[in-house]
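Here are the chains, one letter per residue:
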Amino acid sequence: MEGNARGVTVNGSLDNETVSKLTREVFEWGSSLLFAFSACFFITIFVMFFTVSGDSMLQTLHDGDKLLVYKFMYTPKRGDIVTIDTNDRLGKNIIKRVVGLPGDAIKFDYDKHEVYVNGQVLKEDYINEPTALRGDGAILNNTLYCVPAGRSCVLGDNRNRSMDSRFEKIGFVNINKFYGVAFLRYWPFDSFQIFS
């Protein structure tokens, strides 16, 4: 140990400059890790990534489209494109459009290719072709159904190539099975779209 006018220096220890540099590096690494953790936490809570599989949502969505799905405190609205947990029934997650909410009166006229909600013909400029597929009898022709509490009627936009509420395996979907609403297609980049 040596004494001088500027203080005491302990031989073999880290000097102030080395300690400051080490502290700065630890702080920079720590703040970067904290930012990355916070970003991951935010993404996990608020959004999820979803890849479309199949053609049941043509022309709106195509096989392989990559979407961001908003899921935090999501409340379904008619017309929303939603991702649904159907692993227990189909072994996969699916994506469909909400056409009926709890309490809505739903009727299909497969002969006229029309869907009625609360007595009004649904205006569906987004569908690929008129609704003709009758499913497996879950929703009969010209029969009025009331969507049960806590459930929703969902259909694919490609009506004649979609397994949806017209099939027993799906039926009126429990809203608790919704992950959230698709709000952004980010891939392919030339099809980038924000859904309202």
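Everything below is about the structure shown above.
Residues numbered from 1 in each chain as written. Predicted model: local features only at pLDDT ≥ 70, side-chain atom pairs only at ≥ 80, totals over all residues. Heavy atoms only, no water.

A. Quick look at the packing of aromatic side chains. Across all of its chains, the model carries five aromatic pairs by this definition. Taking 4.6 Å as the distance between ring centres and 50° as the angle between the ring planes, the aromatic pair formed by F46 and F72 counts as tilted. Highlighted residues: F46 in helix α1 (residues 16-46) and F72 in the loop between β4 (66-70) and β5 (81-86), separated in sequence by 26 residues. Owing to a relative accessible area of 32%, F72 belongs among the partly exposed residues under this scheme. Between the aromatic rings of F189 and F192, the centroid separation amounts to 6.3 Å while the plane-to-plane angle is 50°, which identifies the pairing as tilted. Given the relative accessible area of 62%, F189 is considered exposed. If you follow R97 out to its NZ or CZ, it ends over the ring of Y126, 3.7 Å from the centre. Sitting over the ring of Y116, K107 keeps its end group 4.9 Å from the ring centre. (Phe/Tyr/Trp six-rings, centres within 6.5 Å; stacked < 30°, edge-to-face > 60°. Helix = DSSP H or I, 4+ residues; strand = E, 2+ residues; numbered from the N terminus. Buried < 20%, exposed > 50% of the residue type's maximum accessible area, 1.4 Å probe, protein only. Lys NZ or Arg CZ within 6 Å of the ring centre and 35° of its normal.)

B. Molecular detail of the pattern of salt bridges. Within this structure, the stated rule accounts for seven salt bridges. When the shortest N-O distance is used, the salt bridge between D157 and R97 registers 2.8 Å. With D157 in the loop between β11 (151-155) and β12 (173-174) and R97 in strand β6 (residues 92-100), this residue pair connects regions lying 60 residues apart in the sequence. Judged by its relative accessible area of 0%, D157 is buried. We classify R97 as buried; its relative accessible area is 7%. Here R134 makes a salt bridge to D111, at a shortest N to O gap of 2.8 Å. Placement of the pair is R134 in the loop between β9 (120-121) and β10 (145-146) and D111 in the loop between β7 (105-109) and β8 (114-117), with a sequence separation of 23 residues. Exposure remark for R134: the relative accessible area of 40% places this residue in the partly exposed category. (Salt bridge = Lys/Arg side-chain N within 4 Å of Asp/Glu carboxyl O.)

C. How the structure looks around unusual backbone geometry. At the junction of L58 and Q59, the peptide bond is cis and its omega measures out at -5° in the coordinates. For Q59, the position within the fold is in the loop between β3 (47-51) and β4. A cis amide bond links W187 with the next residue in sequence, P188, at an omega value of 0°. A positive phi angle, near 65°, is found at H113, a position not held by glycine. Even without being a glycine, N118 presents a positive backbone phi close to 55°.

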